[in-house]
Amino acid sequence: YGWRRYDNNGQEIRDRDTGNIGGTFFFRAAPKTQALLEARYRKIDYVDEAPNTISLESNETRVLAGAVWDATAKTTGALRIGGVQKNFDDSQRSDYSGPTWEININWQPRTYSQLDLTTSQMPYETVFAGDDYVKVTTVGLDWTHDWNTRLRTELGGQYWHDEGNNTDYKDKTWRLGAAVTYSM
């Protein structure tokens, strides 16, 4: 269960509660690989919608298949690919049906250095008038390196591509980051 509350900019009409339930069935496909089947359900309730508006309340169902593996001492990962159906309570909204994925791969060429690759695609709640949802595709790459027991560096980047369903809204966002940690 989760909730989101807005305290400024007149966005209180976007306040929402979200209930989630799901389950995953794992079965061994190989000594270091488990195949999986997963189902998730999410109910989104807007708690403060403006009167006389078309409701954004909806439910989402995801069905995914994939694998979790520990291929070598250096490579682990999780792959989930499937479909998502987003149905709005109000028939004046456009339902969504399409592909969804979540992929996480970790490569650790040395005990003190690792690369993490992530990508996903799914519909998100909109904050824009005119759109019922925003389809978001992400790709990220992060590198963490322990130079010694006290010094660690982190470099990373993410790319988001957001696309509204009814408007021309498209947004491409890049995030680049770096950190240095020295432990005393």
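Every residue gets a number counted from 1 within its own chain, in the order that chain's sequence is written. Local features in this predicted model are restricted to residues of pLDDT 70 or higher, and side-chain atom pairs are both shown and tallied only at a pLDDT of 80 or more, whereas totals for entire chains, interfaces and linings draw on every residue. Think of the side-chain values as coming from all heavy atoms in the structure, minus any hydrogens and water.

Caption draft 1: Inspection of the pairing of strand 9 (residues 151–164) at higher detail. At least two DSSP bridges between two strands are needed for those strands to be called paired. Only DSSP runs of H or I reaching four residues or more are called helices, and only runs of E reaching two or more are called strands; each is numbered from the N terminus. When strand 8 (residues 133–146) meets strand 9, the two strands line up antiparallel, connected through 13 bridges. Of the residues in strand 9, the one forming a bridge with Leu141 is Gly157. Hairpin remark: strand 8 followed by strand 9, antiparallel, with four residues in the connecting loop. Where strand 9 meets strand 10 (residues 170–182), 13 bridges bridge the pair, whose relative direction is antiparallel. Bridging across to strand 10, Tyr159 finds its partner in Trp174.

Caption draft 2: Representation of the side chain of Lys86. Tracing the chain through its elements places Lys86 in strand 5 (residues 75–88). Using a relative accessible area of 0% as the deciding quantity, one classes Lys86 as buried. As used in this structure description, the phrase polar contact means that two N or O atoms lie within 3.5 Å; if the pair is within protein, one of them must be able to donate a hydrogen and the other to accept it, and residues adjacent in sequence are counted only when both atoms belong to side chains. In this structure the side chain of Lys86 is engaged in a polar contact, spanning 2.9 Å, whose partner is the side chain of Glu60. Non-local contacts of Lys86, meaning those with residues more than four positions away in its chain, are made with Ile44, Ser58, Asn59, Glu60, Asp95, Tyr96, Pro123, Glu125 and Tyr133. The classification of residues rests on relative accessible area computed with a 1.4 Å probe and restricted to protein chains. Under 20% of the type maximum is buried, over 50% is exposed, and intermediate values are partly exposed. Here a residue-residue contact requires only that any non-hydrogen atoms of the pair lie within 4.5 Å.

Caption draft 3: Summary view of the sheet that holds strand 4 (residues 58–69). Strand order in the open sheet formed by 10 strands is 1-2-3-4-5-6-7-8-9-10, and the pairing between neighbours is antiparallel. Two strands in the sheet have a free side with no partner beyond their single neighbour: strand 1 (2–4) and strand 10. The average undirected angle you get between the axes of adjacent strands in this sheet is 15 degrees. Across three bridges, the pairing between strand 1 and strand 2 (residues 16–30) is antiparallel. Bridging across to strand 2, Arg4 finds its partner in Arg16. A fitted line through C-alpha atoms represents every axis, and for helices the fit uses only the stretch in contact; the resulting angles, taken between N-to-C directions, go from 0 to 180 degrees.

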